[in-house]
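Below, each chain spelled out in residue letters.
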Amino acid sequence: MSFSELLSQYIQAYSISAAELSHAAGIAPSTISRYLKSKQSPGETALHKIASALSSLAPSDTDDVSEETIYHVLCEAASGIETDYESCMKSLKKLLTVLEVKNNELARALSYDPSYISRILSGNRRPANLTQFLTGISGYLGSKYYDSPKQAALMELIGSHQEIKNPGELAASIRTFLGQTAAPEEPQISHFLETLDSFDLNEFMQSIHFKEMKVPTAPFQLPTTKVYTGIPEMMQAELDFLKSAVLSRSMEDVILYSDMPMEEMSKDSEFPKKWMFGMAMLLRKGLHLQNIHDVHRPLSEMFLGLEGWIPMYMTGQVSPYYLKEPTNHTFMHFIRSAGTVAIAGEAIYGKHGNGRYLVTKNKEDVRYYRTRAEDLLHRSLPLMHIYRKENEAAFHKQLHRLREKSGNYRIISSAPPLYTISEDLLKRILEHNGVSEPEYGKIISYHTSATKRLRKLCRESDISWVLELPGLDSENHKNNPVRLPVAEIFPDMDIRYTEKEYEEHLSETRQFVETHDGFSLLTDPYSAFRNINITICAGQYVLVSKSNAPTIHFLIYHPKMIEAFEQFVPPIVEMNL
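Figured I'd write up the structure that's included with this text. Predicted, not measured: the structure shown is a model, and the values here were computed from it.

Rules of the game
Residues numbered from 1 in each chain as written. Predicted model: local features only at pLDDT ≥ 70, side-chain atom pairs only at ≥ 80, totals over all residues. Heavy atoms only, no water. Helix = DSSP H or I, 4+ residues; strand = E, 2+ residues; numbered from the N terminus. Buried < 20%, exposed > 50% of the residue type's maximum accessible area, 1.4 Å probe, protein only. Contact = heavy atoms within 4.5 Å. Areas by Shrake-Rupley, 256 points an atom, 1.4 Å probe, with all protein chains shown as cover. 1 Å grid on protein atoms, 1.4 Å probe; cavity = no way out; pocket = protein on both sides within 12 Å on 5 of 7 lines; lining within 4 Å. Points joined across faces, edges and corners; volume = space filled by probe spheres on them. Axes fitted to C-alpha atoms, helices over the stretch in contact; angles between N-to-C directions. Parallel < 35°, antiparallel > 145°, perpendicular 65-115°, else oblique. Left-handed = near helix turned anticlockwise from the far one by under 90°. Nonpolar A, V, L, I, M, F, W, Y, C, P; charged D, E, K, R; others polar. Polar contact = N/O pair within 3.5 Å; in protein donor to acceptor, adjacent residues only side chain to side chain. Pairing = 2+ DSSP bridges. Expected span 1.5 Å × (residues − 1). Arc of directions from axis to C-beta. Core = buried A, V, L, I, M, F, W, Y, C linked by side-chain atoms within 4.5 Å.

Quick word on the overall build of the protein
Part 1 of the argument: The helix and strand tally for the protein stands at 24 helices and 15 strands.
Part 2 of the argument: Residues counted as buried form 50% of the 577 residues belonging to the protein.
Part 3 of the argument: Put simply, of all contacts in the protein between residues at least 6 apart along the chain, 76% involve residues at least 24 apart.
Part 4 of the argument: Per element, the accessible surface of the protein, about 27,700 Å² overall, is 50% carbon and sulfur.

Comments concerning the environment of glycine 230
Part 1 of the argument: Here glycine 230 is to be found in the loop between strand S1 (225-229) and helix H14 (231-247).
Part 2 of the argument: With a relative accessible area of 16%, glycine 230 lands in the buried category.
Part 3 of the argument: On a C-alpha basis, the gap between glycine 230 and asparagine 354 in space is 5.9 Å, while along the polypeptide they are 124 residues apart.
Part 4 of the argument: When sequence neighbours within four positions are dropped, the list of residues in contact with glycine 230 reads Gly353 and Gly355.

Some remarks on empty space enclosed by the protein
Part 1 of the argument: Tallied over the full model, the rule gives five cavities of 30 Å³ or more.
Part 2 of the argument: The space that makes up the largest cavity amounts to roughly 460 Å³.
Part 3 of the argument: Arg403, Pro417, Tyr419, Glu488 and Thr535 are the residues nearest the centre of the largest cavity, which is lined by 26 residues in total.
Part 4 of the argument: For the lining of the largest cavity, the elements supplying multiple residues, two or more each, are strand S10 (407-412), helix H21 (437-460), strand S13 (532-537) and strand S14 (541-546).
Part 5 of the argument: Its boundaries defined by the atoms lining it, the second largest cavity holds a volume of some 90 Å³.

Some thoughts on the packing of helix H6 (residues 85-99) against helix H9 (residues 130-145)
Part 1 of the argument: Put simply, H6 and H9 touch, their axes get as near as 13 Å, and they point 25 degrees apart. Relative to H9, the element H6 lies roughly parallel. Once H6 is placed against H9, the crossing between them reads as left-handed. Contacts from Tyr85, Cys88, Met89, Leu92, Leu95, Leu96 and Leu99 of H6 reach H9 at Leu130, Phe133, Leu134, Ile137, Leu141 and Tyr145.
Part 2 of the argument: Grouping the constituent residues of the contact of H6 with H9 by class yields 13 nonpolar, no polar and no charged.

Here we look at the side chain of glutamate 392
Part 1 of the argument: Locating glutamate 392 in the fold gives a position in helix H19 (residues 392-402).
Part 2 of the argument: A polar contact is formed between the side chain of glutamate 392 and the side chain of lysine 442, at a distance of 3.2 Å.
Part 3 of the argument: Ignoring sequence-local partners within four residues, the contact set of glutamate 392 consists of Lys442, Ile489 and Phe490.

A few points about the sheet that holds strand S4 (residues 318-323)
Part 1 of the argument: Pairing is mixed in the open sheet, where eight strands are placed in the order S1-S7-S6-S5-S2-S3-S4-S8. On the outer flanks of this sheet lie S1 and strand S8 (380-382), each paired with one strand and no other. Strand-to-strand twist in this sheet, taken as the mean axis angle between neighbours without regard to direction, amounts to 20 degrees.
Part 2 of the argument: Pairing between strand S3 (residues 289-293) and S4: five bridges, direction parallel. Looking at S4, one finds that histidine 293 is bridged to tyrosine 322.

A few points about the pairing of S4
Here is the key point about a regular strand: its side chains alternate between the two faces of the sheet.
Part 1 of the argument: For S4, the buried fraction is high: six of the six residues fall into the buried class.
Part 2 of the argument: As paired elements, S4 and S8 share three bridges and run antiparallel to each other. Bridging from a neighbouring strand, leucine 323 pairs with serine 380 of S8.

Side note on helix H18 (residues 363-378)
Part 1 of the argument: For H18, built from 16 residues, the straight-helix expectation of 22 Å at 1.5 Å per residue is met to within 8% by its first-to-last C-alpha distance of 22 Å.
Part 2 of the argument: Buried residues of H18: Val366, Tyr369, Arg370, Ala373 and Leu377, and no others. The buried residues of H18 occupy an angular sector of 110 degrees when projected down its axis, which confines them to one face. H18 presents Glu364, Arg367 and His378 as exposed residues on the side facing more than 90 degrees away from its buried surface.
Part 3 of the argument: A distance of 3.0 Å separates the backbone nitrogen of glutamate 364 from a side-chain oxygen at the start of H18, and that oxygen is part of asparagine 362.

Brief notes about the pairing of S3
Part 1 of the argument: Of all the five residues making up S3, five are buried; the element is thus mostly covered by neighbouring parts of the structure.
Part 2 of the argument: Taken together, the four bridges between strand S2 (residues 254-258) and S3 define a ladder with parallel strand orientation. Its bridge partner being in S3, valine 254 is matched across the sheet by leucine 289.

A look at the nonpolar core
Part 1 of the argument: Counting residues in each nonpolar core, the largest one holds 65 residues, and the members touching the most others are Leu193 and Ile534.
Part 2 of the argument: It is H14 that provides the largest number of residues to this core, a total of nine residues.
Part 3 of the argument: With sequence-adjacent residues up to four places away left out, leucine 193 is seen in contact with Phe529, Ile532, Ile534, Val544, Phe565 and Phe568.
Part 4 of the argument: With 40 residues, the next largest nonpolar core counts Leu399, Val482, Ile489 and Leu555 among its residues.

Quick look at the structure:
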């Protein structure tokens, strides 16, 4: 039985509505609707919330309605596998052994820690999202072994004799072998947020030796105009453009747009590294990048593309845009314009390898492509606004405008909001953290104004607030002390709660919710994020704030991205079985 069918049965058997389940579970009605229509698979956190809600809503004469029992029934249905979990793992280990796939290799492909993979395969852990785990493995193996010498042996192992036409079909056959009935909806936003949460700009800059990079001055010999055809030459064209832009004396912004597929180029293990190094050199030179994203593609692909730009977004030297209207996907285009060099490409959809790129330093051509790129930029809308400390005044001005609006707010945060804390507790936290006098005064002033603003909004506006916060978990807090939520004022240092202080602030937040209409509180001991806070104003905007240094805020306006955040259910952190 599918998860959607099982959930429908529970709703009918318990004589409740989807809206009642949504309220009891603390999950958006739109998300419950997507579960019931099989348009979305629940993650571990959602399963726990639904199990708890169903247990509390069950009629008194219903047998065995414990949360644990319901959770295990839901979990089995949501796994998307027809066989039992043990058989699935047995098939997976056999597959990996025959193909000689190492844990480290699999971990890199799926962006997991190798020890986590080892614990899953040894039976000491269970994937937080089994459907996502199996789909990731199947996709990786399908791409790796399609049209390879090992494909025949792989097909024999999984007992499939059908004709395989592409990596996707091979991946589907592997999923079937593992007992997974179909490919679930791919994670769209979770991985993007997990990457953003774990990303550390300072560590990244050190790893690529950014401060030690020397912008080269030696001349780069490139013909005035050169045509590149075929995938290998196209990759070289991109690198030649980057070299020319770095070496030129121009400090004009670089304008970037492409609706070309990147799959073929990403197969070359060296090209992404060289491309990223070239982009880093543009930033090291001090250039600003105006990047027009192609958002008219599946949402999972869109967020995957955005992940690759996270390091550059964090520098504050990249402005992202998008085109409201879809481009013609029969004819694909590529254009990049710097001060003294331009690159333009074209291809037919599905025949990327037959296209061509042109790199030119001819003044007339450069001027033409610059005008064309600027015209494209003028037709673009901001995908998001990015604020660092140097933009603090503009950030607060924009926040003030946005917060004047009525709406339904959902806050997914690693700590309770500052407007629910008492001044006495706040001062104690600041004092034991050794906060400097100027910073101390700034935070107290911010707390006072935030509290007054919230009271005014409650009096004058029709607003509802759902606060989703981590509950108190001693072990988690010991390993990852929570930061005081002051990212909006771009603090100069991390300010951490003690376990007792966090418990006290959480208690004050519960009291605040009880005495203020329109507020509700959801707590979960398994906090998915440690370094980001998310504010969702339904249908209007999303604010993603990264709290660890350097503090940075992403203010998102794109409708498709806002909808994805509204339907987002945070993943659960790794748990013991």
